[in-house]
Amino acid sequence: MHSLHGRVALVTGASRGIGAAIARNLEAAGVKVAIASRSGDNPGIPGAFAQACDVRSADSMTAMVDATVARFGQLDILVVNAGVGAYGPFLDLPMADLEEMIEVNVKGALFAVRAALPHLLRSEAADIVTIASEAGRRGLPYEVAYCASKFAQVGMTRALDHELREQGVRCTNVCPGGVATDFAMGHGRTPDMPQLAGMMSADDVAEVVRFVVTRPRNHRLLEVALRPVSESSWG
Ligand code: NAP
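Section: the overall build of the protein chain
Okay, step 1: Helix and strand counts for the protein chain come out as five helices and seven strands.
Okay, step 2: Reading the secondary structure of the protein chain in the N-to-C direction produces β-α-β-β-α-β-α-β-α-β-α-β.
Okay, step 3: Across its three principal axes, the protein chain shows a C-alpha extent of roughly 45 × 35 × 35 Å.
Okay, step 4: Expressed as a percentage of the 235 residues in the protein chain, the buried residues total 53%.

What follows is the structure, encoded as structure tokens:
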């Protein structure tokens, strides 16, 4: 196992949900953690650095990376996690929701990598981990725009792997099925929907991310797909 002590990670969308769980898990493993979100909230991680950052803005993303490096001196791990989702029949999907999924999930992911990459290339052990989705591996009904945005993330990370492997930056897609968070609440999910009880926890995904970044440096995981037992592998 590769030690994480002294490493620095930036996790986008880490004020709550999966990102907060990843930040907490990495911090417990000895990583110095920077937390980006629009609110700038720190989800209770004492040593973490939190700053307001909107991934839809390349300037805001660059300012976040610069502040992280100013605080911790380096950047070794980027977790591209900030994301939004809205479900429903495609023609019923509000245009604002469609545009936000492209802005946050597609442009936000690209902007995060663009801002972080110069620093990752200077790291002795760099990882980019994209929290994509099962919706980035197969077309799912009532998730047309979300699938489009998640396929884009998967494609981005696969292409980055080709481009960066020989320069020592490992690139991994983590593709979860349903995770019980605030995600898509009011946009296709409701707090009382029965499926929530069977979904995975944010901590389940965080454990996978820690596994990915602690692999010995002689190999890399290209994609990890995980789904709740309650979800079929067909739909
Ligand atoms: P969540 O609980 O809704 O959390 C989303 C996080 O993203 C929050 O910290 C939010 O903070 C931040 N965020 C949203 N828009 C942002 C922006 N423009 N700039 C910066 N930060 C922004 O969602 P989650 O379930 O943790 O989802 C995290 C990732 O996992 C997403 O990419 C999602 O697509 C993916 N995923 C989720 C599931 C699931 O079932 N939950 C399954 C597969 C994949 P602020 O509101 O403060 O900005």
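Considerations on the pairing of strand S7 (residues 223-226)
Okay, step 1: The alternating pattern of S7 places Val224 and Leu226 on a buried face and Glu223 and Ala225 on a face that is not buried.
Okay, step 2: Looking at chain direction, strand S6 (residues 169-176) and S7 are connected through four bridges and run parallel. Its bridge partner being in S7, Cys175 is matched across the sheet by Ala225.
Okay, step 3: Running through helix H5 (residues 202-213), the crossover from S6 to the neighbouring parallel element S7 is left-handed.

Details of the site of the ligand
Okay, step 1: In the neighbourhood of the ligand, 30 residues make up the surrounding shell, with Ser15, Arg16, Tyr146, Thr181 and Arg189 lying closest.
Okay, step 2: Within the side chain of Ser15, one N or O atom sits 2.7 Å away from an oxygen atom of the ligand.
Okay, step 3: Take Arg189: an N or O atom from its side chain is 2.7 Å from an oxygen atom of the ligand.
Okay, step 4: Contact with the protein chains covers 96% of the free accessible surface of the ligand, which is 900 Å².
Okay, step 5: For the shell around the ligand, the secondary structure elements donating two or more residues are helix H1 (17-28) and helix H4 (144-164).
Okay, step 6: Split by residue class, the shell around the ligand holds 12 nonpolar, 11 polar and seven charged.

Quick word on the pattern of salt bridges
Okay, step 1: Applying the stated criterion to the full structure yields 15 salt bridges.
Okay, step 2: Linking Arg16 and Asp182 is a salt bridge whose minimum nitrogen-to-oxygen distance equals 4.0 Å. You can see Arg16 sitting in the loop between strand S1 (8-12) and H1 and its partner Asp182 sitting in the loop between S6 and H5, a full 166 residues away along the chain.
Okay, step 3: Here Glu223 makes a salt bridge to Arg158, at a shortest N to O gap of 2.9 Å.

Regarding the nonpolar core
Okay, step 1: Leu10, Met61 and Ile128 are the most contacted members of the largest nonpolar core, which has 43 residues in total.
Okay, step 2: Of all elements in the fold, only S1, strand S2 (32-37), helix H2 (58-72), strand S4 (77-80), helix H3 (95-120), strand S5 (126-131), H4 and S6 reach the threshold of two or more residues within this core.
Okay, step 3: Tallying contributions element by element places H3 first for this core, with nine residues.
Okay, step 4: With residues up to four places along the chain from it excluded, the contact list for Ile128 reads Leu78, Val80, Val113, Leu120, Leu160, Leu164, Val169, Arg170, Cys171 and Thr172.

Notes on the environment of Ala225
Okay, step 1: Mapped onto the elements of the fold, Ala225 is located in strand S7.
Okay, step 2: Classification of Ala225 by relative accessible area gives partly exposed; the value is 41%.
Okay, step 3: Each C-alpha atom, one on Ala225 and one on Glu124, is 27 Å from the other, the two residues being 101 residues apart in sequence.
Okay, step 4: Residue contacts for Ala225: discarding those within four places in its chain leaves Glu134, Arg137 and Cys175.

A short note on the side chain of Thr12
Okay, step 1: As for its placement among the helices and strands, Thr12 is situated in strand S1.
Okay, step 2: A polar contact of 2.9 Å, which involves the side chain of Thr12, links it to the backbone nitrogen of Asn81.
Okay, step 3: There is a polar contact of 2.9 Å between the side chain of Thr12 and the backbone nitrogen of Ala82.
Okay, step 4: When residues no more than four places from it in sequence are discounted, the contact partners of Thr12 are Ala36, Val55, Met61, Val79, Val80, Asn81, Ala82 and Ala112.

Some thoughts on H4
Okay, step 1: With 21 residues, H4 ought to run about 30 Å at 1.5 Å a step, and its terminal C-alpha atoms sit 30 Å apart, in line with that.
Okay, step 2: Among all positions in H4, only Ala145, Tyr146, Cys147, Ser149, Lys150, Gln153, Val154, Met156, Thr157, Leu160, Asp161 and Leu164 are buried.
Okay, step 3: Next to the buried residues of H4 lie H3, S5, S6 and S7.

A word on the packing of aromatic side chains
Okay, step 1: What the rule picks out here adds up to three aromatic pairs.
Okay, step 2: Taken together, a centroid distance of 5.8 Å and an interplanar angle of 75 degrees make the contact between Tyr87 and Tyr146 edge-to-face. Taken together, the residues span a long stretch of sequence, with Tyr87 in the loop between S4 and H3 and Tyr146 in helix H4 at a distance of 59 residues.
Okay, step 3: Residues Tyr146 and Phe183 carry aromatic rings whose centres are separated by 5.5 Å and whose planes lie at 55 degrees to one another, so their mutual orientation is tilted. On the criterion of sequence distance, the pair formed by Tyr146 in helix H4 and Phe183 in the loop between S6 and H5 is long-range, its members being 37 residues apart.
Okay, step 4: Among the aromatic residues, ring-to-ring pairing joins Tyr87, Tyr146 and Phe183 into one connected group.
Okay, step 5: Lying over the aromatic face of Phe211, Arg215 brings its terminal NZ or CZ to 3.6 Å of the ring centre.

Basis of the calculations
- Residues numbered from 1 in each chain as written.
- Predicted model: local features only at pLDDT ≥ 70, side-chain atom pairs only at ≥ 80, totals over all residues.
- Heavy atoms only, no water.
- Helix = DSSP H or I, 4+ residues; strand = E, 2+ residues; numbered from the N terminus.
- Buried < 20%, exposed > 50% of the residue type's maximum accessible area, 1.4 Å probe, protein only.
- Pairing = 2+ DSSP bridges.
- Right-handed = clockwise from strand over helix to strand, strands pointing away.
- Near = heavy atom within 4 Å.
- Polar contact = N/O pair within 3.5 Å; in protein donor to acceptor, adjacent residues only side chain to side chain.
- Areas by Shrake-Rupley, 256 points an atom, 1.4 Å probe, with all protein chains shown as cover.
- Nonpolar A, V, L, I, M, F, W, Y, C, P; charged D, E, K, R; others polar.
- Salt bridge = Lys/Arg side-chain N within 4 Å of Asp/Glu carboxyl O.
- Core = buried A, V, L, I, M, F, W, Y, C linked by side-chain atoms within 4.5 Å.
- Contact = heavy atoms within 4.5 Å.
- Expected span 1.5 Å × (residues − 1).
- Phe/Tyr/Trp six-rings, centres within 6.5 Å; stacked < 30°, edge-to-face > 60°.
- Lys NZ or Arg CZ within 6 Å of the ring centre and 35° of its normal.

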